[in-house]
Amino acid sequence: MDIATTSDTSIPNADPAELTRFNALAARWWDETSEFKPLHRINPHRLEWIDALCGLGHKAVLDVGCGGGILAEAMARRGARVTGIDLADKPLAIARAHALAQDANVRYAGSSAEDWAVGHAGNYDVVTCMEMLEHVPRPAAVIAACASMVKPGGWVFFSTINRNPLSYLMAIVGVEYVLRILPRGTHQYRRFITPAELTGMAGAAGLVLCDQRGLAYNPLTQRFRLNRFMGVGYLLAMRRPDDGKV
Ligand code: SAH
């Protein structure tokens, strides 16, 4: 059976090749001209959107698949108490060193979402899981773990890449082969997730969709912005209902 469709939870829900790739690139995580340039460019936009919806100040936030901490640190600078988790140890080492140097209020742990969920049920006001689900064999399990860790009334933010011919053309052919913004093999088409699939998986985990944005890239200006077109990259804001109401 394909690992992507099995629900056997004894199989680790991580792709070793993905973790090896992120470990190999980790030293350049905070180099804004490196493979991580897109994450640096996206970051102010997603941060504004998240903060406007949930108000990050003094919130307990979990960042799942935090990597080198680009979003985690930015949320901490907005006054959140942030924990970042990731399964790749080199990005985590970079994240720890960077947070120390910047005096950022973030703590980091090497863990999957599913393992961290054990003992952290309902612990967080906000859970973020950005640009990570498309690297995981069974995203539904990560989504369910994220949902279980947020308090009633709390927010869960996801971002990933849609799956359709246009997203193949833009996110793989365009980004990896033509513009060469990301190394070849960074993304696998079969792991892309449609907004309907993501909303469905999150709904099955008890989350309700509150807001959504598309992620647009202009290759001429090399700028990103959030808009209404969700055909390629996109972000979803979900909430765990509070007493049956959002
Ligand atoms: N969320 C960050 C980093 C995105 S890169 C940001 O948007 O800035 C994707 C990250 O997901 C990498 O750091 C990688 O190590 C991590 N990752 C991949 N599979 C994972 C898994 N199964 N569990 C936890 N982290 C994972």
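See the structure shown above.
Residues numbered from 1 in each chain as written. Predicted model: local features only at pLDDT ≥ 70, side-chain atom pairs only at ≥ 80, totals over all residues. Heavy atoms only, no water.

**Student:** Mind showing me how you'd approach the packing of aromatic side chains here?
**Tutor:** All chains considered together, the criterion is met by 7 aromatic pairs. Ring geometry for Phe22 versus Trp29: centroids 6.1 Å apart, planes at 40°, classification tilted. Owing to a relative accessible area of 5%, Trp29 belongs among the buried residues under this scheme. Seen from their ring centres, Trp29 and Phe36 are 4.0 Å apart, and the 20° between their planes marks the pair as stacked. (Phe/Tyr/Trp six-rings, centres within 6.5 Å; stacked < 30°, edge-to-face > 60°. Buried < 20%, exposed > 50% of the residue type's maximum accessible area, 1.4 Å probe, protein only.)

**Student:** Looking at this structure, how should I read the pairing of strand S3 (residues 106-110)?
**Tutor:** Each regular strand shows side chains that alternate between the opposite faces of the sheet. Taken together, the 5 bridges between strand S2 (residues 81-86) and S3 define a ladder with parallel strand orientation. Counterpart to Ile85 in the pairing with S3 is Ala109. Handedness of the crossover joining S2 and S3 through helix H4 (residues 89-102) is recorded here as right-handed. (Pairing = 2+ DSSP bridges. Helix = DSSP H or I, 4+ residues; strand = E, 2+ residues; numbered from the N terminus. Right-handed = clockwise from strand over helix to strand, strands pointing away.)

**Student:** Can you help me understand the sheet that holds strand S1 (residues 60-64) in this one?
**Tutor:** Hydrogen bonding along the main chain pairs the strands of a sheet, whether they run parallel or antiparallel. The 8 strands lie next to each other as S3-S2-S1-S4-S5-S8-S6-S7, forming an open sheet whose pairing is mixed. Each edge of the open sheet is held by one strand with a lone partner, namely S3 and strand S7 (223-227). For this sheet, the mean angle separating the axes of adjacent strands, direction not counted, is 20°. Packed on one face of the sheet, H4 meets S2 and S3 and runs near 165° to S3. (Axes fitted to C-alpha atoms, helices over the stretch in contact; angles between N-to-C directions. Contact = heavy atoms within 4.5 Å.)

**Student:** Looking at this model, I keep getting lost on helix H7 (residues 165-178). Mind explaining?
**Tutor:** Since the α-helix packs 3.6 residues into each turn, any two residues three or four apart lie on the same face. Here H7 contains 14 residues, and its C-alpha end-to-end distance of 16 Å is more than 12% below the 20 Å for a straight helix at 1.5 Å per residue. For H7, every residue scored as buried is listed here: Ser167, Ala171, Ile172, Gly174, Val175 and Glu176. Tucked inside the fold, the buried residues of H7 contact strand S5 (150-161). For H7, the capping residue at the N-terminal end is Asn164, with a side-chain oxygen 3.0 Å from the backbone nitrogen of Leu166. (Expected span 1.5 Å × (residues − 1). Polar contact = N/O pair within 3.5 Å; in protein donor to acceptor, adjacent residues only side chain to side chain.)

**Student:** I keep staring at the environment of Thr83 and nothing clicks. Help me out?
**Tutor:** Topologically, Thr83 is positioned in strand S2. Accessibility expressed as a relative area gives 7% for Thr83, which makes it buried. Residues Thr83 and Thr186, spaced 103 residues apart in sequence, show a C-alpha to C-alpha distance of 25 Å. Beyond its immediate stretch of four places on either side in the chain, Thr83 contacts Val61, Leu62, Asp63, Arg107, Trp116 and Tyr124.

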